[in-house]
Structures are given as C-alpha cells and as structure tokens.
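So you can see what is in the structure, the chains are spelled out below.
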Amino acid sequence: MIRPAFPVVITRDDILCRVHELARAIAADHPSAPPRFVAVMEGARVFAEHLCALVPGSPPFTEVRARSYGNGTVSNGRVRVEVPRDLRLDGAPVVLVEDIVDTGRTVEVLTAELKARGAHSVEVATLLSKPARRVVDVPLRYVGFEIPDEFVIGFGMDVAGRYRELPYVAAYRRELEPGAADAGAVE
Ligand code: IMP
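Residues numbered from 1 in each chain as written. Predicted model: local features only at pLDDT ≥ 70, side-chain atom pairs only at ≥ 80, totals over all residues. Heavy atoms only, no water.

Caption draft 1: Highlighting the pattern of salt bridges. Inspection of every chain in the model, using the stated rule, returns 14 salt bridges. Taking the shortest distance from any N to any O, the salt bridge between R117 and E113 comes out at 2.9 Å. Taking relative accessible area as the criterion, R117 reaches 19% and is therefore assigned buried. Salt-bridge contacts for R164 lead to D158; the nearest nitrogen and oxygen are separated by 3.4 Å. Exposure remark for R164: the relative accessible area of 26% places this residue in the partly exposed category. For D158, a relative accessible area of 23% corresponds to the partly exposed category. Among the charged side chains, a salt-bridge network with shared partners connects E42, R45, E63 and R65. (Salt bridge = Lys/Arg side-chain N within 4 Å of Asp/Glu carboxyl O. Buried < 20%, exposed > 50% of the residue type's maximum accessible area, 1.4 Å probe, protein only.)

Caption draft 2: Focus on the sheet that holds strand β1 (residues 8-10). Pairing within the open sheet is antiparallel, and its 3 strands lie in the order β1-β9-β8. Looking at strand neighbours, the two that pair on one side only are β1 and β8 (152-153), the edges of this open sheet. By the bridge criterion, 2 bridges tie β8 to strand β9 (residues 169-171) in an arrangement that is antiparallel. The partner of I153 across the bridge, within β9, is A170. (Pairing = 2+ DSSP bridges. Helix = DSSP H or I, 4+ residues; strand = E, 2+ residues; numbered from the N terminus.)

Note that all results are geometric; they support no functional claim without further evidence.
Shown next, in the form of structure tokens:
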C-alpha cells in the first residue's frame, strides 16, 4: 500500500522515548505494586501495549470502549462507554490510558464509571492532549505531548478506522487522501 504523505507531527523515536519516561514516572509513583491499567479501545491500544510493557512486571490492561466521533473528525458531544460487565476494581488505584484527550468528555465519563466500579483513584495517562479543545476540565496526571488543535492519526489513532498502523503521529489532511480530488473522502 502506498501511504499518503500526511505531515509527521511526532516521530516514532520521540514517541517511544516519551513513553519510556511516562512508564518510569508511573512506576516511581507506585513503588509497591503497579496500578490497575484500563485502556480505551481502539485508539489507545498501541500506546497501552508499549506503556504497560515498560512498567516493571509488565502489567496487563483492561479494555474499555468509548465512542463519540462516529466516522468524522468532529465530536458529536455525546460519549457512550462500554465497560466489561464484571469489572470490579476493589479499591485499586487505576491508571486510565487514553490516546488523546480532546474535549475531555470521554475521560470524565470513564472516570465516573471506574469510580462506580470501586476504583480508589483514577489517574489519566494520555499520549496526546489538545488543551485548546477542552470543554471539561479533567486532571491529566501523565501526558505524552500537548498538540495544537489538529486532527491526528497514527500510533493507534484513526480516522474512520484507517491509518492506525502508521508508526508515527501525523496530521490528517483530507485533501491528501488517495482519490480526494475526484471523490469526497471522509465527512
Ligand atoms: P474527547 O472525549 O473529546 O476528549 O475525545 C477523546 C477521544 O476522541 C479520543 O480517545 C479519540 O478516540 C478521539 N479523538 C479526539 N481527537 C482525535 C484526533 O485528533 N485523532 C483521532 N482521534 C481523536
């Protein structure tokens, strides 16, 4: 497959280096035992796999799902979350792993849900944050990179299910889609 030349926003080397730093920070903050990791699928899968592999003991992560974007690049403002029915957190400290915090609504809804499931605390580890887009003021404990208001893809992040496999973070440009000149690409 020929990859469209979307502009690189964060190189793979920079991402991997920063994920190492975040794993070290999480380990230092939880010296006796790793926290419970809960990762938001599908976007945060790649980040969570790299992050958890670098935390001592390589703890697993629990997968949860959240949807607010449909197939486009603009949030519709509603968040639907899916958490395993039998998830019990039994007073554990939880690290919620996100790919990107945009409006903050997903983190807000999931934090409430994880606390309702018994989490002692919920701290957020996100690869990216777009502060300019924030609607809800959610505390972010571990942030990989702050980026401007730009829709990004790669390292697990998608637009309509595509480009997750890009090994770096790139800016999505609809006009760079193959065939964009003669057909509408993504709404
Ligand atoms: P929030 O609820 O508005 O903070 O949105 C968080 C979710 O929206 C993320 O977990 C992503 O799934 C998605 N999202 C927000 N911005 C982007 C982006 O630039 N690229 C890909 N997904 C994004």
